[in-house]
Every structure is written in C-alpha cells, then in structure tokens.
Amino acid sequence: MKTNLLAFDAAGMGAFFAAIGEKPFRARQVLRWVHRAGESEFARMSDLARGLRERLAATAEVIPPRMVGDTTAADGTRKWLLDVGAANAVETVFIPETERGTLCVSTQAGCTMACRFCSTGRQGFNRNLSTAEIVGQLWWANRALGAVHGTDRAISNVVLMGMGEPLLNLDNLLPALRLMLDDNGYGLSRRRVTVSTVGIVPMMDRLREECPVALAVSLHAPNDALRSRLVPINEKYPLAALFAACRRYLARAPRDFVTFEYVMLDGVNDAESHARELARRLAEVPCKVNLIPFNPFPASGFARSPRAAVRRFADILLAAGIVTTTRKTRGEDIDAACGQLAGRVHDRARRAARVAGAAA
Ligand code: SAH
C-alpha cells in the first residue's frame, strides 16, 4: 500500500524522506508542493529530480477525502460534504467575511458527546477522522476556492468547530494543526487557528503542552446542574475543573483570553438571572463570551432565544466588564450553521447496542 503524504507534518515528512535515503530539504519541498500549491501529482513537482518523482509515484500518494457535495448559501457561505468511507460523510464550511475567511473543519464522523441541542450529537458516532481527512478539508477548500499557486489565500482562519469533539481525536488532530501553522504548510498564526472543545480537561492540558492555539470552550450554562443537563460530559469535568484547566491553558496560549461559547436556548439558559450568575462565575477566568443564537434542526425540542433576550443577556455581561459578542448566523438556508452539521453518520455504537439488544 502507498503512503499518503497528506498525513505528514514536517517531522513525519522528514522521517519518511530519511527512511528512503533523501535529504531533509526534499521533505520541505514536497510539503510546499502538497500544501502550499495544492499539488497531488508528483510528476508536476517540477523542482524534484526525475528519479525522485518516479520513486515517490511508486511508493507514495496524496489522497484527500473525496468531495461528494458542494452547496453555496445565499450569504456566500459554502458547505462541502466529504466522503470518509463506509457511507459516512462529514461537512466543512467556509464563511467569507470582509476582513477574513474562516474555514470550519470537522474532526470526527459523528460525536460521542451527545449535547442535547446539537444535530451532530443526535447522529451518534462512527469514528475519528484521520490526519489526512482533517487537513484534507483545508487542502480541498484551498483548491476549491482557487487560492493556490501563490495568489491571495481565501482562508485566513481555521476553526475546529465542525462535526465532532476535536480533543477526543487529539493524536490525529495534532499533526493537522502543525501543518496549519507550518510556513511550508498553510502558514497560519496560532491566533488564527481555534480549537473548540466541550471541555475535555486532561486533553486541554495536552493541547497546551503540544500545540497551544486559540481556545474556545462550549459553556452554555452558568452552573453545573443546568450544564450537566445540556452537556452531559459536565458530569465528568464540572465547571470548577473546567475553569482551572482554562487558567492553566492561558499560561501558554497565543491569546490572553479563552472564548466561551454560549448557545442561547429560549426559556432554558437565557434568563437575566443566568446572565448574572455567569458574570459572577466568569470573574475567575480571563475570557470573552460569544453568544450563539440557537440554530434549529428537525425535532430538536429547543427554540432560539428572542433577539431582545440575547441583547439583555449580552448587556448584563458587558456591564460586568466581560467582552461579549453575538455570533451572526451564517449559511442557515443550507444547514451550514453551528450545530446543524449532520453529514452522514452511520452510528456504530448504536447499531452495536441494537444488535446486543436483539440478541438478549
Ligand atoms: N465539539 C466541539 C466543537 C463542535 S461544536 C465543541 O463542543 O465545542 C461548535 C459549537 O456549536 C459549539 O459551541 C456547540 O455547542 C455549538 N452548537 C451545537 N449545536 C448548536 C445549535 N443547534 N445551534 C447553535 N450552536 C450550536
């Protein structure tokens, strides 16, 4: 079987080239071809010796996930559906704005976290994406947006906020993050790459040690009782442990604040009393708050907070000195908004449970 070079960060590529007896600068050249130029054909890597090109073609390949869907919303938001095998597909979303272009990348086919208000969480879980499948989303999007071969890059920011919980797939995510930061890769600064997590405390510590990038934490409630109802993993990593992990993270982070995401659910977590409680709790962590109006999906059982409620909530946090923004909903008409990414997930665990149930 050929080796997929898309999976290698600089160290991995270096080791691959060392193993075939090639110099380190060859590894860097190939990294630039693959990620900067979006090239997948060795024959077109014109500054490599012919012999090396032939050897690479015989032993290696550059295989991104296959694109099986491409939709553009009225507001310019674009969503790709990427085949990840066994009839599973994940979604990647590009959000153009005047000053920047953000790519929202998925890390798992499905998700095990089962947050109550999230469409991905309702799909169940199939598997972790590989490094090639994670970075391959950026590779695809760069090519599809026509931003290769030296022209201005359409993608200035990457957020790991698509399908899945990034920190439960950290081994595969880390090389992808390093490629995003590498000058021979996508050359993004640490502040422009954001990992969003539901709050897997030990993995937050690992991310801090191994590749500190900007951090967003999905909070959604001001106290443990309510958060455990909305975000079940809170039972395992409650708020005190989560906030302590945020503070440890900040010691190494490229920014001096954590972004807390807070989905606004009508009549559930959007009362003025919730805002006041949140302001009190957040006094212990340097942070910004990003309020996300809930994006509905079929049979979710939740509704979006009215705009006035969102504004009141924001005003209370602002009055307490907490920088608070409200996320603009993008791409809603193509189900590309936060929490609407369903893709195609064949839930292995659930199927296994059904089989077990049938056998019992
Ligand atoms: N698992 C990671 C990243 C993926 S979700 C995490 O939990 O952070 C990205 C963000 O969208 C999270 O803050 C998530 O809670 C939020 N979200 C999920 N469902 C949503 C919905 N229906 N409407 C609005 N935001 C939602």
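What counts as what
Residues numbered from 1 in each chain as written. Predicted model: local features only at pLDDT ≥ 70, side-chain atom pairs only at ≥ 80, totals over all residues. Heavy atoms only, no water. Helix = DSSP H or I, 4+ residues; strand = E, 2+ residues; numbered from the N terminus. Buried < 20%, exposed > 50% of the residue type's maximum accessible area, 1.4 Å probe, protein only. Contact = heavy atoms within 4.5 Å. Lys, Arg positive; Asp, Glu negative; His and termini not counted. Charge placed at Lys NZ, Arg CZ, Asp CG, Glu CD. Salt bridge = Lys/Arg side-chain N within 4 Å of Asp/Glu carboxyl O. Domains from an automatic or database assignment. Buried area = accessible area lost by both parts, 1.4 Å probe. Polar contact = N/O pair within 3.5 Å; in protein donor to acceptor, adjacent residues only side chain to side chain. Nonpolar A, V, L, I, M, F, W, Y, C, P; charged D, E, K, R; others polar. Core = buried A, V, L, I, M, F, W, Y, C linked by side-chain atoms within 4.5 Å. Near = heavy atom within 4 Å. Areas by Shrake-Rupley, 256 points an atom, 1.4 Å probe, with all protein chains shown as cover. Phe/Tyr/Trp six-rings, centres within 6.5 Å; stacked < 30°, edge-to-face > 60°. Lys NZ or Arg CZ within 6 Å of the ring centre and 35° of its normal.

1. Structural notes on the overall build of the protein chain
Here comes step 1: Of regular secondary structure, the protein chain possesses 12 helices and 14 strands.
Here comes step 2: By its C-alpha atoms, the protein chain is 70 × 55 × 40 Å across when sized along the principal axes.
Here comes step 3: Looking at the protein chain as a whole, 55% of its 360 residues qualify as buried.
Here comes step 4: For the protein chain, restricting intrachain contacts to residue pairs at least 6 apart in sequence, the fraction spanning at least 24 positions comes to 68%.
Here comes step 5: Side chains of the protein chain give 48 positive and 36 negative charges; the mean places of these two sets differ by 1 Å.

2. Quick notes on the environment of G162
Here comes step 1: Summarising the element assignment, G162 is placed in the loop between β9 (157-160) and α6 (170-181).
Here comes step 2: Residue classification places G162 among the buried residues on the basis of a relative accessible area of 16%.
Here comes step 3: A C-alpha to C-alpha distance of 15 Å links G162 and G101, two positions 61 residues apart in sequence.
Here comes step 4: Once residues within four sequence positions are removed from consideration, G162 is found in contact with C104, V105, S106 and L341.

3. A look at the pattern of salt bridges
Where charged atoms of side chains with opposite charge meet at close range, the side chains can pair.
Here comes step 1: A complete count under the given rule lists 21 salt bridges for this structure.
Here comes step 2: Between D83 and R66 there is a salt bridge; the shortest N-O distance is 3.0 Å. Linking D83 in strand β4 (residues 78-83) with R66 in strand β3 (residues 66-72), this pair joins segments that are 17 residues apart in sequence.
Here comes step 3: Overall, D83 belongs to the buried group, its relative accessible area being 18%.
Here comes step 4: A salt bridge links E210 to R206, with the shortest nitrogen-to-oxygen separation between them at 3.0 Å. Residue E210 and its partner R206 are located together in helix α7 (residues 201-210), separated by four residues, close to a single helical turn.
Here comes step 5: What makes E210 partly exposed here is its relative accessible area of 37%.
Here comes step 6: Residue classification places R206 among the partly exposed positions, given a relative accessible area of 27%.

4. A look at the domain arrangement of the protein chain
Here comes step 1: Taken domain by domain, the protein chain comprises domain 1 (3-61) and domain 2 (66-357).
Here comes step 2: Relative to domain 2, the C-alpha centre of domain 1 lies at a distance of 32 Å.
Here comes step 3: Taken together, the 16 residues of domain 1 in the interface contact 17 residues of domain 2.
Here comes step 4: Carbon and sulfur atoms make up 53% of the surface buried where domain 1 meets domain 2, a total of about 1,400 Å² over both sides.
Here comes step 5: Scanning the region where domain 1 abuts domain 2 turns up one salt bridge.
Here comes step 6: Viewed at the interface, domain 2 and domain 1 are joined by six residue pairs in polar contact (both at pLDDT 80 or more).
Here comes step 7: The element contributing the most residues to the side of domain 1 that touches domain 2 is helix α2 (residues 24-36), with six residues.
Here comes step 8: The residue inventory of the side of domain 1 that touches domain 2, partitioned by class, reads seven nonpolar, four polar and five charged.

5. A word on the nonpolar core
Here comes step 1: Ranked by size, the top nonpolar core spans 113 residues in total, and within it L5, F117, L177, L207, F260 and L282 carry the most contacts.
Here comes step 2: The element that contributes the greatest number of residues to this core is α6, accounting for eight residues.
Here comes step 3: Both domains that furnish three or more residues to this core are identified here as domain 1 (3-61) and domain 2 (66-357).
Here comes step 4: Among residues more than four places away in sequence, those in contact with L5 are M13, F16, V30, F42, A60, E61 and V62.

6. With respect to the site of the ligand
Here comes step 1: Near the ligand you find 20 residues, and of these F117, S196, S218, H220 and N295 are the closest.
Here comes step 2: Interatomic distance of 2.9 Å between a backbone N/O atom of F117 and a nitrogen atom of the ligand.
Here comes step 3: Between a nitrogen atom of the ligand and a main-chain N or O atom of N295, the distance comes to 2.9 Å.
Here comes step 4: Bound to the protein, the ligand loses 96% of the 540 Å² it would expose on its own.

7. Here we look at unusual backbone geometry
Here comes step 1: Phi at A87 is positive, roughly 65°, even though this residue is not glycine.
Here comes step 2: Note on placement: A87 falls in the loop between β4 and β5 (89-96).
Here comes step 3: Residues other than glycine seldom take positive phi values, yet H220 does so here, at roughly 75°.
Here comes step 4: Relative to the elements of secondary structure, H220 occurs in the loop between β11 (214-218) and α8 (224-230).
Here comes step 5: The exposure class of H220 is buried, given its relative accessible area of 5%.

8. As for the packing of aromatic side chains
Here comes step 1: Across all of its chains, the model carries seven aromatic pairs by this definition.
Here comes step 2: Judged by centre distance (5.6 Å) and plane angle (75°), the ring pair of F16 and F17 falls under edge-to-face. The same class applies to F16 and to F17, which are both buried.
Here comes step 3: On the basis of an interplanar angle of 75° and a centroid distance of 5.7 Å, the ring pair of F243 and F260 is categorised as edge-to-face. Residue F243 is located in helix α9 (residues 239-250), and its partner F260 is located in strand β12 (residues 258-264); the two are separated by 17 residues in the primary sequence.
Here comes step 4: For F243, a relative accessible area of 1% puts it in the buried group.
Here comes step 5: Among the aromatic residues, those joined into a ring-pair cluster are F8, F16 and F17.
Here comes step 6: The ring of F257 carries the charged tip of K288 above its face, separated from the ring centre by 4.2 Å.

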